[in-house]
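Survey of secondary and tertiary structure
One letter stands for each residue in the lines below.
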Amino acid sequence: MYQSLLEGHSFIRWFVLLSLLYSIYTAYRGYSQKLSFTKKDNLIRHWTATIAHIQLILGILVYVQSPVVKYFWKNFKEGIQNLDASFFGIIHITLMLTAIVFITIGSALAKRKLTDEQKFKTMLLWFSIALLIIFIAIPWPFSPLANRPYFR
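Residues numbered from 1 in each chain as written. Predicted model: local features only at pLDDT ≥ 70, side-chain atom pairs only at ≥ 80, totals over all residues. Heavy atoms only, no water.

1. Remarks on the packing of aromatic side chains
Here the structure, examined in full by the defined rule, presents eleven aromatic pairs. With 5.7 Å between their ring centres and 20° between their planes, Trp73 and Phe76 make a pair best called stacked. Judged by relative accessible area, Phe76 falls into the partly exposed class, the value being 36%. Here the aromatic residues Trp14, Phe135, Trp140 and Phe142 are joined through ring pairs into a cluster of three or more. Over the ring of Trp140 we find Arg13; its NZ or CZ atom is 5.8 Å from the centre of that ring. (Phe/Tyr/Trp six-rings, centres within 6.5 Å; stacked < 30°, edge-to-face > 60°. Buried < 20%, exposed > 50% of the residue type's maximum accessible area, 1.4 Å probe, protein only. Lys NZ or Arg CZ within 6 Å of the ring centre and 35° of its normal.)

The structure is reproduced here in structure tokens:
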């Protein structure tokens, strides 16, 4: 079960990244060109947040079953000195939760803004910050913090 969850979590990250990039592009384009915030733009906002929340659920399921995380919490003094264990035990989950909070707040605020310009600007700001945090928190194959393959 753990391996399937991990593979799903690894796979869905690409949907999170693509949806965020597309949302940011849409928000930038709409804001800079003073476009109307259409039903399609609203769906993009909504589905970006939904995909991120699905990824969060999978991530929490992986977290509670992860042997690396279990080792980290069981052997905290040694685990905190192990970069791989401390990355997945604290850093990854903290940054990802923070990014999801930014996506959730940005989505909710954009939905409630009165003007189209404010909606696009809000999405652009909050989703961009979330994307930056996510890029830092993903264990890319080239990451100095912890590295994993692009697909598991």
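2. Describing the environment of Ile24
With respect to the element layout, Ile24 can be found in helix α1 (residues 2-32). Among the residues examined, Ile24 registers a relative accessible area of 15% and is labelled buried. With 101 residues separating them in the primary sequence, Ile24 and Leu125 have C-alpha atoms 8.4 Å apart. Apart from residues lying up to four places away in sequence, Ile24 is in contact with Leu124, Phe127, Ser128 and Leu131. (Helix = DSSP H or I, 4+ residues; strand = E, 2+ residues; numbered from the N terminus. Contact = heavy atoms within 4.5 Å.)

3. Overview of helix α6 (residues 116-137)
Here α6 is 22 residues long and its end C-alpha atoms lie 31 Å apart, about the 32 Å a rise of 1.5 Å per residue gives. Taken together, the buried positions of α6 are Lys119, Phe120, Thr122, Met123, Leu124, Phe127, Ala130, Leu131, Ile133, Ile134 and Ala137. On its buried face, α6 sits against α1, α2 (39-65) and α5 (83-112). (Expected span 1.5 Å × (residues − 1).)

4. As for unusual backbone geometry
In this structure, Lys34 is a non-glycine residue whose phi angle is positive, near 55°. Examined against the element boundaries, Lys34 turns out to sit in the loop between α1 and α2.

5. Digging into the packing of α5 against α6
Put simply, α5 and α6 touch, their axes get as near as 8 Å, and they point 170° apart. Our classification of the angle between α5 and α6 gives roughly antiparallel. Taken together, the residues that form the contact of α5 with α6 break down as 18 nonpolar, five polar and two charged. (Axes fitted to C-alpha atoms, helices over the stretch in contact; angles between N-to-C directions. Parallel < 35°, antiparallel > 145°, perpendicular 65-115°, else oblique. Nonpolar A, V, L, I, M, F, W, Y, C, P; charged D, E, K, R; others polar.)

6. What to know about the side chain of His9
Assignment of secondary structure puts His9 in helix α1. Not counting residues within four places of it along the chain, the set of residues in contact with His9 comprises Gln55, Leu58, Gly59, Val62 and His92.

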